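Each chain, letter by letter, is given below.
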Amino acid sequence: MAVRRLAAVSLVATMAVTLAACNSNGTTPGGPPTNAGAAVTGGTLNMLGAGDVDYMDPNVSYYSVGYLNLRMWSRQLFTYPADPGGKNTAPVADLATDIPTTANGGISADGKTYTIKIRPGAKWNTTPARQVTAADMVRGVKRTANPVQPFGGIPDYAGLIEGFKSFADGFAKVAKTPAAIQAYIDNTPLPGVVAKDDTTVEFHLTKPATYFVDMLTLPAFSPAPVEVLKYLPASTQLGNNAPSDGPYKVDSWVPTKSINYSRNPAWDPATDPVRKAYVDKIVVNETVTQDSIQQQLQTGTPSADLEFDVAPPPSQLPALIAKKDPNLTLGDTASSNPYVVYNTASPNNNKALANPQVRQAISFALNRAHILQVLGGPTINPPLTHVLPDVITGSKQIDPYPYDADKAKQLLAAAGYPNLTLKFLYRNASEGSSKAFQTIQQDLSKAGITVVGVPSPNADFYVKYLQVPSVARKGVWDLSLAGWGADWYGNAAVSFFNPLFSGEPSYPPIGSNFGLFNDPATNALIQQALAAPTTDAAATLWAQADAKVMEQAPFFPLTNPKQANYHAAQVNNAVYVPSLQNYDPTNVWLAKGKQG
C-alpha cells in the first residue's frame, strides 16, 4: 500500500501500490547481482522517476515508492535486508537489538506481550544528536492514527494492539492543527504501546499474532522524534524538516520535481546491520518519462543510475528478457498488481455498479489475457484469478470469471443495464496503464459497455483520486487500475482482506477499499478468519472469504506479477528487495570513474 498502498508494488509501467511482498529475491536474467570487486565508496547515485512518493512521512506512507524513499533516512525496529543470497523476506533486527522470541524473553508465554530493546547509539540528527528512544516509538505508533492523514494500513492492527481502536476513534475528533495533534499524543495513553524505560518498548496485543514481528517491519511503525509534532502529518513542511535516524538525510524535497539526500553525520554504521551507505549523495529527478529513463540507463548517461518509481516499458521487456540483459532483474511478488477496481458507490448509470450482477457482468467482459499481453506478457504477468496469491496462507485456486462477452451481455440485460457508460481512471504517463485502459475500453465495447478515460498524473492518482472517498461518491470514476501486495509474507491474508474488503473500516483514508465495497457476509467471514484458533482453521476461512469476495465482484484480479527493475551498468550490488519493489539504494556502489 496499499496505497500501497499499499500496499503497495510497481507495475511494470509505474502502476504503483502501497507495498508488495515477495517470496524470493528474484532472478537476474543475465546472472547474479553485479558485484565487480571490492565495494567503492563515494559519488552521487542518480535515480530517475516520473512521479513522487505518496507522503514524506514514515508513519503515514503506504506506497512502495514511499518505502524506497524511507529506506534512506528512516529506520524501523525490524526490516528486510538486501541479501544477495535471497533471504530478504525474513525480517531482521534493525533498530531492535534482536528478534523477540519466547526463549529470549521477548514474547510472553501467552503470546500477547512483546518486549523489544532499541540499539544503543542509534541517533537522530538533531542538534545535538540524540538517542532514538522507546518514547519515540510510542509517538510514532500514535501518529499513524492522526486526523489529517492516517496510515492506510490501520485495519491490519486496529483490533490487535490493545486500546488502539479507542485511541484512534478519539484522535479522529481532534482539530487538524499541530498544537491539537501534539496535545492528544502527549496526553492520551495508548495501552498497547508503552515505553518501559528509555530504550525498552512493550507491545500488548488483544490476542496472539505469530505475524506481529513481520507487521512491525511496516514503516508506519517507525519512531517519531518530538520535532515532527511542529508540523502537520504528511505535509511538505514536515518532509523537508523531519530528523533522520538513517544513513542519509533529506536536504530538499520539491514534490513531483526532486528529492536530494546527503549523508547523515549522526548515523553510526556500527548501529545499522542493514544499510551500508556507500554513496555520498542520492539525487532523485522525478520529471523524466518512462521511455527516456530506460534509454538513459541503457546508454550510460552519467546522471542515470537507478529507476525511482518506474520500471522498463512493458513493450521492451520481451527483448530484454530474450537477450538475458545482465542489468535486468525479475523479482517474485506476493501481490495482485494491477487489478481493476469497481466503484460500488458511483452514482453514474443509476448506481449500476452497486449491483453485484452488473459487476459480475463486467468481470466476464474483461479479457485478462489481452490486458496481460499489453503489460509485458504472461512470462512477467502470470494470471491471478482470485484474491490471494498462491504464496499466501488460504489461497485456493478458483477462476469464477473466464472471459465470456455473450454471458456479460446476458447478465447486463437481466440486471436492467444493457448499455453502460463507465469512466476509467488511469495514469496517462504510464505506458502500461494507458495501454491497459485502451485494451479494457476495446474489450468492454464487445459487451455493449462504453468506456471513457479519466487521465491522471502519477503523483495525483492515489492522493487526489483513489484515497478520497468523496471523489468516488461523486462518480468522478467508475473503474480504475490499482495494485496491492502483502504487507508481510506467508500468514498474511489479513493484509489483503482487512484493508481492501472489510467494509466501512477499510474505506480510505484509513484503508484502501477504494471502491467502497461493503458486504455483510464478507465482513463476517473476515472476522471469523481473524478469530480462528489455528493457522489451518484460518486458511479454510480465508479461502471462503476469497470465494465470497469473488462472488460479489468488487474487483477483477489480473496478475501476481514479476517485478521488473533495470539499473545502469556502473551500478554494483544491485539487490532486489521485495518490500521496496526495487533495488536497495543504500547498498549499491558505483564503479570507479562513473560516480555521477
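Look above for the structure.
Model, not experiment: these values are computed from the prediction. (Residues numbered from 1 in each chain as written. Predicted model: local features only at pLDDT ≥ 70, side-chain atom pairs only at ≥ 80, totals over all residues. Heavy atoms only, no water.)

A.B. asks: Could you give me a rundown of the side chain of Ser456, with the residues and numbers involved?
C.D. replies: As for its position among the elements, Ser456 is in strand 16 (residues 449–456). Judged by its relative accessible area of 0%, Ser456 falls in the buried class. A distance of 3.4 Å separates a polar side-chain atom of Ser456 from the backbone nitrogen of Phe461. With residues near it in sequence (within four places) discarded, Ser456 still touches Leu425, Tyr426, Arg427, Asn428, Phe461 and Tyr465. (Helix = DSSP H or I, 4+ residues; strand = E, 2+ residues; numbered from the N terminus. Buried < 20%, exposed > 50% of the residue type's maximum accessible area, 1.4 Å probe, protein only. Polar contact = N/O pair within 3.5 Å; in protein donor to acceptor, adjacent residues only side chain to side chain. Contact = heavy atoms within 4.5 Å.)

A.B. asks: Lay out unusual backbone geometry with the relevant residues and their values.
C.D. replies: Looking along the chain, the bond that leaves Thr127 and enters Pro128 is cis, with omega of -5°. Between Pro508 and Pro509 the backbone carries a cis peptide bond, its omega angle lying at 5°. Checked against the element boundaries, Pro509 lands in the loop between helix 16 (494–501) and helix 17 (520–530). With a phi close to 55°, Ala277 is a non-glycine residue in the positive phi region. Within the secondary structure, Ala277 is located in the loop between strand 10 (258–263) and strand 11 (281–285). You will see that Leu516, though not glycine, has its phi angle at about 55°, which is positive.

A.B. asks: How would you sum up empty space enclosed by the protein? Please name residues and give values.
C.D. replies: In this structure, the largest cavity spans a volume of roughly 120 Å³. Together, 12 residues line the largest cavity, and Gln76, Thr79, Thr217, Pro219 and Ser579 are the ones closest to its centre. Top contributing element to the lining of the largest cavity by residue count: helix 1 (residues 64–73), with 3 residues. In the lining of the largest cavity, the residues fall into 6 nonpolar, 4 polar and 2 charged. (1 Å grid on protein atoms, 1.4 Å probe; cavity = no way out; pocket = protein on both sides within 12 Å on 5 of 7 lines; lining within 4 Å. Points joined across faces, edges and corners; volume = space filled by probe spheres on them. Nonpolar A, V, L, I, M, F, W, Y, C, P; charged D, E, K, R; others polar.)

A.B. asks: Describe the packing of aromatic side chains, listing the residues and the values that go with them.
C.D. replies: Each aromatic ring pair is described using two quantities: the centre-to-centre distance and the angle formed by the ring planes. Inspection of every chain in the model, using the stated rule, returns 24 aromatic pairs. Geometrically, the ring pair formed by Tyr278 and Trp589 is edge-to-face, given 5.3 Å between the ring centres and 80° between the ring planes. You can see Tyr278 sitting in the loop between strand 10 and strand 11 and its partner Trp589 sitting in strand 23 (residues 589–590), a full 311 residues away along the chain. With respect to class, Tyr278 is no different from Trp589; both count as buried. Between Phe497 and Trp542, the aromatic rings sit 5.2 Å apart at their centres with planes inclined by 15°, giving stacked as the arrangement. Placement of the pair is Phe497 in helix 16 and Trp542 in helix 18 (residues 535–552), with a sequence separation of 45 residues. According to the relative accessible area criterion, Phe497 is buried, its value standing at 0%. Judged by relative accessible area, which is 4%, Trp542 ranks as buried. (Phe/Tyr/Trp six-rings, centres within 6.5 Å; stacked < 30°, edge-to-face > 60°.)

A.B. asks: Which residues make up the pattern of salt bridges, and what values do they have?
C.D. replies: Taken as a whole and judged by the stated rule, the model has 19 salt bridges. The partner of Asp332 in a salt bridge is Lys562, with the nearest N and O atoms 2.4 Å apart. With Asp332 in the loop between strand 13 (328–331) and strand 14 (335–342) and Lys562 in the loop between strand 18 (555–557) and strand 19 (563–566), this residue pair connects regions lying 230 residues apart in the sequence. Put simply, Arg75, Asp94, Asp272 and Arg275 are held in one network by salt bridges that share partners. (Salt bridge = Lys/Arg side-chain N within 4 Å of Asp/Glu carboxyl O.)

A.B. asks: Tell me about the pairing of strand 9 (residues 248–254), and please be specific about residues and values.
C.D. replies: The pairing of strand 9 with strand 10 spans 6 bridges and is classified as antiparallel. Residue pairing in the sheet places Val250 in a bridge with Tyr261 of strand 10. Hairpin connection between strand 9 and strand 10: a loop of 3 residues separates the two successive antiparallel strands, and Thr256 in this loop has a positive phi of roughly 70°. (Pairing = 2+ DSSP bridges.)

A.B. asks: Report on the sheet that holds strand 16, specifying residues and quantitative values.
C.D. replies: Here 5 strands make up an open sheet; going across it, the order is 16-15-17-14-18 and the pairing mixed. Of all strands in the sheet, those bounded by a partner on one side alone are strand 16 and strand 18. With direction set aside, neighbouring strand axes in the sheet form an average angle of 35°. Note: strand 15 (residues 420–427) against strand 16, 8 bridges, orientation parallel. Pairing of Arg427 across the sheet is with Ser456, part of strand 16. Strands strand 14, strand 17 (479–485) and strand 18 of the sheet are contacted by helix 16, whose axis makes an angle of about 150° with strand 17. (Axes fitted to C-alpha atoms, helices over the stretch in contact; angles between N-to-C directions.)

A.B. asks: So, the packing of helix 17 against helix 18: which residues are in play, and what are the values?
C.D. replies: Interhelical geometry of helix 17 versus helix 18 gives an angle of 165° and a closest axis separation of 8 Å. Judged on the interaxial angle alone, helix 18 and helix 17 are roughly antiparallel. In the packing of helix 17 onto helix 18, the handedness of the crossing is left-handed. Contacts between helix 17 and helix 18 involve Ala521, Thr522, Leu525, Ile526, Gln528, Ala529 and Leu530 from the first element and Ala538, Leu541, Trp542, Gln544, Ala545, Lys548, Val549 and Gln552 from the second. For the contact of helix 17 with helix 18, the class distribution of residues is 10 nonpolar, 4 polar and 1 charged. (Parallel < 35°, antiparallel > 145°, perpendicular 65-115°, else oblique. Left-handed = near helix turned anticlockwise from the far one by under 90°.)

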